[in-house]
Amino acid sequence: MKIGVCISGGGAKIGFAVGVLREMEAHGIKLNLAYGISSGSLCTAGICYGGLDFLEQTLLDIKERSDVLKKQWAKVIITLVSKRGSANGWYEMNTMRRKLDGLPLANSKFRGVVGYVNLQSGQIEYKASDEVPREEFLDAVQASCSIPVYMQTKRVGNNNYVDGGVRDILPLKALIEDRIGVDEIHVILLSPVLMPSVDKPYKNIIEVGLRSVDLLVNEVLQNDYNQLVLVNKLIVQKQFLSIDLLEWLKDKRTIRPYKYIPKKTICGTTDFCRENIEEGIKHGREVAVEELKNYQPS
């Protein structure tokens, strides 16, 4: 049996995914495939090139936002005024990239796939850890984390690469269609589905953008996950279906799904600090314990 995990974006909420992965490990669930977008791509790189222990410790070493993201506002202003330079995001990505470069393994433990968007073509592109050199894969992870405007884009030649969440914030469909053909999928969402209402006004474009991303993630999860469940039900009832539905189902297979959704909001997307990571890990384990209480390996 082949098992995959799909991890959404969510920035500093990444601790929740680590908690879920830790509990999956405790249940003896061994992964064959991981798909991640944005901070989900950081998790993917971490477990592929380091392991869960290394990923967790790296995150717990983060004391404050500047340990991950450093301001480059002066460079942005100079670039805007002088038309020189390449600073096009309020925060640089070099600090985060150094953490990625510190991953201890030269080769990936298993297939990991991350997505980013090419701003020039407008298309989403995926990179797999077992198909490209490590450096190219980590470039893709860096690009996948680059929230437009908020963070510096990743440049390769004449192309700018940004957060894959712009086009595919939860790569569930891509995982289902992957050549490995998994039989079981664990979907990890980093924000609650029922987003709590907020009384405060959103004062700038960054706050508006981050809130909108959270809402979009949840909408995509509900649509894609519900389709997966629907396909499973229709396959069981094939003898009662019309010719059109049978044609639609012919390339589809039954996949056992599990989903892990926070029951509360731990922190904001960019609120990186040890306390938020720890709380996220704890809550992730709590949610996973409930989801996996009747788990039986196939």
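Look a little higher up for the structure.
Residues numbered from 1 in each chain as written. Predicted model: local features only at pLDDT ≥ 70, side-chain atom pairs only at ≥ 80, totals over all residues. Heavy atoms only, no water.

1. Remarks on the overall build of the protein
Secondary structure summary: the protein contains ten helices and ten strands in total. In the protein, which comprises 298 residues, the proportion classed as buried is 52%. Here the contacts in the protein between residues at least 6 apart in sequence split such that 76% fall between residues at least 24 apart. When the accessible surface of the protein is totalled, it reaches about 14500 Å², and 52% of it is carbon and sulfur. (Helix = DSSP H or I, 4+ residues; strand = E, 2+ residues; numbered from the N terminus. Buried < 20%, exposed > 50% of the residue type's maximum accessible area, 1.4 Å probe, protein only. Contact = heavy atoms within 4.5 Å. Areas by Shrake-Rupley, 256 points an atom, 1.4 Å probe, with all protein chains shown as cover.)

2. Quick notes on the side chain of Asp 178
Locating Asp 178 in the fold gives a position in the loop between helix H7 (172–176) and strand E9 (184–188). In terms of polar contacts, Asp 178 uses its side chain to reach the backbone amide nitrogen of Ile 180, at 2.9 Å. Filtering out sequence-adjacent residues up to four positions away, Asp 178 remains in contact with Leu 33, Tyr 35, Arg 111 and Val 113. (Polar contact = N/O pair within 3.5 Å; in protein donor to acceptor, adjacent residues only side chain to side chain.)

3. Examining the side chain of Lys 127
Relative to the elements of secondary structure, Lys 127 occurs in strand E6 (residues 124–128). Side-chain polar atoms of Lys 127 contact the side chain of Glu 136, separated by 2.6 Å.

4. Details of the pairing of strand E1 (residues 3–7)
In terms of burial, E1 is largely enclosed, as five of its five residues are buried. Side chains Ile 3, Val 5 and Ile 7 project from E1 onto one buried face, and the interleaved Gly 4 and Cys 6 project onto a second face that is buried too. In this structure, E1 lies alongside E9, joined through five bridges in parallel fashion. Note on E9: the bridge partner recorded for Cys 6 is Val 187. Two strands pair when backbone bridges link them, and E1 and strand E2 (residues 33–37) are joined in this way by four bridges, in the parallel orientation. Paired with Val 5 across the bridge in E2 is Ala 34. (Pairing = 2+ DSSP bridges.)

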